[in-house]
Amino acid sequence: MPCLPADRVARAGLGALLALLGACATPGVPVATVAHWRMAPDALRDPPLERYLDQRLAAIAPAGPAAASVLVRAPGLRAEWREPGAVLLSTDLLLRVVDDDELAFLLAHELGHARLGHVASASGPGMPDPALERQADRWARDRIAAMGQRDDAGVTLLQALATELAGDPERAPVRDAIEARLAAMRALPTARAPPDPAPAGEWLALQRARREAWAARDPGLRDPGRAALVRARWR
């Protein structure tokens, strides 16, 4: 796919920018700044939430390259690392993250792709490479455990996603990929003793204030069964 001129890239929607990243990436040259991502038509500006997520990203990888969160309205359970240092998060996926530990795992997984050199290995759109996903899961599990958070947070989040997608034949490939990741994570040795249950933190306060607005835009929650599963996990 040919690269667009810079002025058109700046005005392009998030979907177009995502499609261009693989074709336009040049080693050492940023494809888009975080400002470009956050100004894209499909992006959702929420400065208080962005600040919180950026702080969490910095806490997970304090010695690594700076990373910033970019919220997107695009439907689907999406979280992606994009150069030059952006973690794209769909509000559909954030609706399903029920505590600070699961949020830490989600963010750490994307940072893990960058830390493990997976960005350069990305092959373009489509199903993620299962081996790279397992490596990022392991990195995220170990990192959040070292921070004193639940080492099974990835398991609880992925299990909830797999359960929700179980009744949707069209999402069977995604569900199968999640199930494979779950099996690999459950086979890992325990990283640390489970901590005492944490009280509701800042993440839940931020999420609760936005749940209904996000849910109204989530096409998956038009299915009563899926909506019931998602809401049953909310605190």
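In what follows, the structure referred to is the one given above.
Residues numbered from 1 in each chain as written. Predicted model: local features only at pLDDT ≥ 70, side-chain atom pairs only at ≥ 80, totals over all residues. Heavy atoms only, no water.

### What about helix H8 (residues 153–165)?
No. 1: Between its first and last C-alpha atoms H8 spans 19 Å; for 13 residues at 1.5 Å apiece the expected length is 18 Å, and the two agree.
No. 2: Counting buried residues along H8, 10 of its 13 residues qualify, which places the element largely inside the surrounding structure.
No. 3: Among all positions in H8, only Ala153, Gly154, Val155, Leu157, Leu158, Ala160, Leu161, Ala162, Glu164 and Leu165 are buried.
No. 4: Its buried side turned inward, H8 meets helix H5 (91–94), helix H6 (100–115), helix H7 (130–146), helix H9 (172–186) and helix H12 (224–233). (Helix = DSSP H or I, 4+ residues; strand = E, 2+ residues; numbered from the N terminus. Expected span 1.5 Å × (residues − 1). Buried < 20%, exposed > 50% of the residue type's maximum accessible area, 1.4 Å probe, protein only. Contact = heavy atoms within 4.5 Å.)

### What to know about H7
No. 1: An ideal rise of 1.5 Å per residue puts 24 Å on 17 residues; H7 measures up with 24 Å between its terminal C-alpha atoms.
No. 2: If you follow the buried residues of H7, they end up packed against helix H4 (47–60), H6, H8 and H9.
No. 3: The distance from a side-chain oxygen at the start of H7 to the backbone nitrogen of Ala131 is 2.9 Å, and the residue carrying that oxygen is Asp129.
No. 4: Count one or two residues on from H7 and you reach Gly148, which has phi positive near 90 degrees. (Polar contact = N/O pair within 3.5 Å; in protein donor to acceptor, adjacent residues only side chain to side chain.)

### Some thoughts on the pairing of strand S3 (residues 86–90)
No. 1: Counting buried residues along S3, five of its five residues qualify, which places the element largely inside the surrounding structure.
No. 2: Burial along S3 is two-sided: the residues Ala86, Leu88 and Ser90 and Val87 and Leu89 are all buried.
No. 3: In the sheet, strand S1 (residues 68–72) pairs with S3 via five bridges, with the strands oriented parallel. In the sheet register, Val72 faces S3, and the bridge partner there is Ser90.
No. 4: Here strand S2 (residues 79–82) folds back onto S3 in antiparallel fashion, the turn holding three residues, of which Gly85 has a positive phi close to 145 degrees. (Pairing = 2+ DSSP bridges.)

### Side note on the packing of H4 against H6
No. 1: Two numbers describe how H4 lies on H6: the axes approach to 10 Å, and their chain directions differ by 65 degrees. Relative to H6, the element H4 is oriented roughly perpendicular. In this structure, H4 crosses over H6, and the sense of that crossing is right-handed. For the pair formed by H4 and H6, the contact residues are Tyr52, Leu53, Arg56, Leu57 and Ile60 on the first element and Asp100, Leu103, Ala104, Leu107, Ala108 and Leu111 on the second.
No. 2: For the contact of H4 with H6, a count of residues per class yields nine nonpolar, no polar and two charged. (Axes fitted to C-alpha atoms, helices over the stretch in contact; angles between N-to-C directions. Parallel < 35°, antiparallel > 145°, perpendicular 65-115°, else oblique. Left-handed = near helix turned anticlockwise from the far one by under 90°. Nonpolar A, V, L, I, M, F, W, Y, C, P; charged D, E, K, R; others polar.)

### Concerning the side chain of Arg226
No. 1: Relative to the helices and strands, Arg226 resides in helix H12.
No. 2: On the basis of relative accessibility, which here comes to 12%, the residue Arg226 falls in the buried class.
No. 3: Excluding its chain neighbours within four sequence positions, the residues that come into contact with Arg226 are Arg96, Glu164, Leu165, Asp168, Gly220 and Leu221.

### Overview of the nonpolar core
No. 1: Judged by nonpolar contacts, the single largest core of 46 residues is most densely connected at Leu53, Leu89, Leu94, Leu103, Leu106, Leu111 and Trp203.
No. 2: Sequence-distant contacts of Leu53, that is, excluding residues within four places in its chain, are made with Ser69, Leu71, Leu89, Leu103 and Leu107. (Core = buried A, V, L, I, M, F, W, Y, C linked by side-chain atoms within 4.5 Å.)

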